[in-house]
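# Per-entry structural report
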Amino acid sequence: MNAIECKGLSKQFEKNFALQEAEVKIPENRIIGVLGPNGAGKSTFFRLLVGQIKSNTGEIHVLGQKPSWELNHQIAYLPDRARWYLDYSVEKTIEYGKNFLPGFQEDKAYDLADRMKLDASMMTASMSKGQEAKLMLILCMAREVPLVILDEPFAGIDMIAKEQIMETIIDLASEREQTILISTHEIAETEGLFDYVVFFKEGKVILSGDVEELRGQQGSLQSIYRELYR
Amino acid sequence: MFWNLVKHELKHRSSEKDKNSSHKRYIKYIYLVVFLVIAFVFITKLALAGELDPTQIWNVLYGLPFALIGISRAIIKREQRCNTVGWWLSLPFRRQTLIWAKFLAAMWRSILTYLIIFVLGLVGFFYALLIDPKLQLHDIGNFLLTGANVGLIMIVIGPLVIALGMFIGILALTEYRYLVSLFWIGFWVVWALVISSYAEVIFHFIKHQYAAFPGVSFIAWLPCWIITYILIVFMSVLLERKLV
């Protein structure tokens, strides 16, 4: 069963195509790496999935439905280059999740905050970028929803924070039946996280498949990445 | 849930840039102090010369539409400035619900702004009363009614001005963002034309409008609120279909 299916998906911004006739099939209940360099179309693809923008052509089915605000009840989404509200504390952020995000589990959120060493009274304004990234991740990962989309969750944060975030994702994925999509171009550090990958290049999917199978056929993800984008 | 959304919108928002720039944090207070000093000098000078018509203090309210348009545009723009626009737009609510929440928050801020100006105007009146021998305490009735009339007019046109400000903010998020500067130019030209041609008529209306109330206000109220509603629906369509 596929969590996401797209056929002939195109999105044009002014004269540039962000996606061009992309064909995507993403299996459910796996951790999926959506890989590719900047400008490959990853963020546009995610924004189409959550209904923030409309495609020019093609079809999208997410969890068997067309993207809409109603479908966002079932999707936890971390936007690209997102920051969190500076005047919110960890506690207020968890309250925000409880108030507005369906499936948000308050206990789980406090549990994650504790694990990531974020004190409830800590304000976003006083956080490092890594701590802020962890807080935003809590908003997504504390939700009991079938689909989680994380757009560049590791961008600009240090190695220790990255490792903590990856550990959290792996732990939670093993506890739940959840499809987790993660975009990144930092393959070296995140390679062990994924069990399925989709490679984007110039708005098209150029390769996708089970990580173990791809490794068996073509070597490490890092070497496949080098080969594809050199 | 909707009121929680309004409450969320009412929070003060600062961006990373504001956090790192101490002068930006205090700039609005500096503007306020400069404005109060100018008003103080102006009132003192006219009152000592016995030339002060206290209702002129309310002239400051001519700037209120600009304040309202600034408040309402900022309530959209801050999502962009703070890089939180992605969070806002992925909330599982209808686009129209998201816009109504911001609209009500902007309305509340606008009412507060008006009330602050009203109180400051009142302080100005009492100060003038102390130093102007011609001014009497019973003049306060006319003074208050003039100020309250402006408030009434704000209730009539305020929502429309707020919706226009939000519309400019929303337009900047869409593929029609190139129209934003054109819209601004249009707004300034129309406002300048209205003020230069009808300032006296407007001020006369403000001073004596309570006599005509409620008929005149109601006639203006209905179309203003209908256009506001249409603008809000249009904004939600833009957010739904034309985002970049």
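It should be emphasised that the depicted structure is a prediction, and the values quoted were computed from it without experimental measurement. (Residues numbered from 1 in each chain as written. Chains lettered and ligands numbered in written order. Predicted model: local features only at pLDDT ≥ 70, side-chain atom pairs only at ≥ 80, totals over all residues. Heavy atoms only, no water.)

We now examine the overall build of chain B. Each helix and strand counted, chain B has nine helices and zero strands in total. Written out in order from the N terminus, the α and β elements of chain B read α-α-α-α-α-α-α-α-α. For chain B, the proportion of its 244 residues judged to be buried stands at 40%. As presented, chain B carries roughly 13,100 Å² of accessible surface, and 73% of it is formed by carbon and sulfur atoms. (Helix = DSSP H or I, 4+ residues; strand = E, 2+ residues; numbered from the N terminus. Buried < 20%, exposed > 50% of the residue type's maximum accessible area, 1.4 Å probe, protein only. Areas by Shrake-Rupley, 256 points an atom, 1.4 Å probe, with all protein chains shown as cover.)

A separate point is the interface of chain A and chain B. At the interface, 31 residues of chain A touch 31 residues of chain B. Buried surface at the junction of chain A and chain B, summed over both partners, amounts to about 2,800 Å²; 56% is from carbon and sulfur atoms. At the surface where chain A touches chain B, the tally comes to two salt bridges. A:Lys54 is the salt-bridge partner of B:Glu240, the closest N and O atoms lying 3.5 Å from each other. Here chain A and chain B share eight residue pairs in polar contact (both at pLDDT 80 or more) between them. Of the residues forming the side of chain A that touches chain B, the biggest block, four residues, is contributed by helix α2 (residues 90-100) of chain A. Tallied by class, residues from the side of chain A that touches chain B come to 19 nonpolar, five polar and seven charged. (Contact = heavy atoms within 4.5 Å. Buried area = accessible area lost by both parts, 1.4 Å probe. Salt bridge = Lys/Arg side-chain N within 4 Å of Asp/Glu carboxyl O. Polar contact = N/O pair within 3.5 Å; in protein donor to acceptor, adjacent residues only side chain to side chain. Nonpolar A, V, L, I, M, F, W, Y, C, P; charged D, E, K, R; others polar.)

Attention now goes to the sheet that holds strand β1 (residues 2-13) of chain A. Residues and elements named next belong to chain A. Overall, antiparallel pairing links the three strands, which are arranged β2-β1-β4 in an open sheet. Unpaired on one side and paired on the other, β2 (16-27) and β4 (57-62) mark the two borders of the sheet. Ignoring strand direction, the axes of neighbouring strands in this sheet form an average angle of 15°. Here helix α1 (residues 42-49) sits on the sheet and contacts β1, β2 and β4; the angle it forms with β1, its principal contact strand, is near 115°. (Pairing = 2+ DSSP bridges. Axes fitted to C-alpha atoms, helices over the stretch in contact; angles between N-to-C directions.)

Residue and element names in this part refer to chain B. Put simply, helix α4 (residues 64-81) and helix α7 (residues 140-171) touch, their axes get as near as 7 Å, and they point 40° apart. Considering their axes alone, α4 and α7 lie oblique with respect to each other. Considering only the axes of α4 and α7, their crossing is right-handed. Contacts from Leu64, Pro65, Leu68, Ile69, Ser72, Arg73, Ile75 and Ile76 in α4 reach Met154, Gly158, Val161, Ile162, Leu164, Gly165, Met166, Ile168, Gly169 and Ile170 in α7. Grouping the constituent residues of the contact of α4 with α7 by class yields 13 nonpolar, four polar and one charged. (Parallel < 35°, antiparallel > 145°, perpendicular 65-115°, else oblique. Left-handed = near helix turned anticlockwise from the far one by under 90°.)

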